[in-house]
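What the coordinates show
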Amino acid sequence: MSDGRSPAQIEADIALKRQALAATLDEIAVRVHPSTIAADAKAKVSSAVDRTAGRAYVAVNRGVTELRGHFVSEDGAPRVERIVPVAVAAVALVAVVAGLSLRRRRR
């Protein structure tokens, strides 16, 4: 069963394996430490929020661009035939809301 190593070589191998085992245990201790777990969870949440915010920004930007396309022509000129009806509807809506608000206050 002898592999030709001297007792000193065997002791040196054992010492190296102990050091490797100690390093592995230290790494495990760091990984399972509550502050490490909390930091990892925080990083995952932050990453998810960043992705979601980025997607929302892209979606809103796309929507604004599409909406702008309805009211501005290819050359950048406003499309009055589309703007005026929307403006009239918005003014009418504000007037209705204001009227309902005044009516509630009088009661």
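Everything here concerns the structure above.
Report follows, based on the coordinates. Computed from a predicted model, the values in this text were never measured in an experiment.

**As for the pattern of salt bridges**
Counting across every chain of the model gives two salt bridges. Between Glu-27 and Arg-31 there is a salt bridge, with its nearest N and O atoms 2.6 Å apart. Taken together, the residues Glu-27 and Arg-31, both in helix α1 (residues 7-32) and four residues apart, mark about one turn of the helix. In this structure Glu-27 comes out as partly exposed when scored by relative accessible area, which is 42%. The class for Arg-31 is exposed, based on a relative accessible area of 55%.

**A closer look at the packing of helix α2 (residues 34-71) against helix α3 (residues 80-106)**
Between two packed helices, what matters for the description is the angle formed by their axes and the separation of those axes. Two numbers describe how α2 lies on α3: the axes approach to 7 Å, and their chain directions differ by 110°. Here α2 is positioned roughly perpendicular relative to α3, judged by the angle of their axes. Contacts between α2 and α3 involve Gly-69, His-70 and Phe-71 from the former and Arg-82, Ile-83 and Val-86 from the latter. Considering only residue class, the contact of α2 with α3 consists of three nonpolar, two polar and one charged.

**Digging into the environment of Ile-83**
In this structure, Ile-83 sits in helix α3. Since its relative accessible area comes to 33%, Ile-83 is described here as partly exposed. Sequence spacing of Ile-83 and Ala-48 is 35 residues, and the spatial spacing of their C-alpha atoms is 39 Å. In this structure Ile-83 touches Phe-71 and Pro-78, once residues within four positions along its chain are discounted.

Each value, and the rule that gives it
- Residues numbered from 1 in each chain as written.
- Predicted model: local features only at pLDDT ≥ 70, side-chain atom pairs only at ≥ 80, totals over all residues.
- Heavy atoms only, no water.
- Salt bridge = Lys/Arg side-chain N within 4 Å of Asp/Glu carboxyl O.
- Helix = DSSP H or I, 4+ residues; strand = E, 2+ residues; numbered from the N terminus.
- Buried < 20%, exposed > 50% of the residue type's maximum accessible area, 1.4 Å probe, protein only.
- Axes fitted to C-alpha atoms, helices over the stretch in contact; angles between N-to-C directions.
- Parallel < 35°, antiparallel > 145°, perpendicular 65-115°, else oblique.
- Contact = heavy atoms within 4.5 Å.
- Nonpolar A, V, L, I, M, F, W, Y, C, P; charged D, E, K, R; others polar.

None of the figures reported here should be taken as evidence of function without further support.
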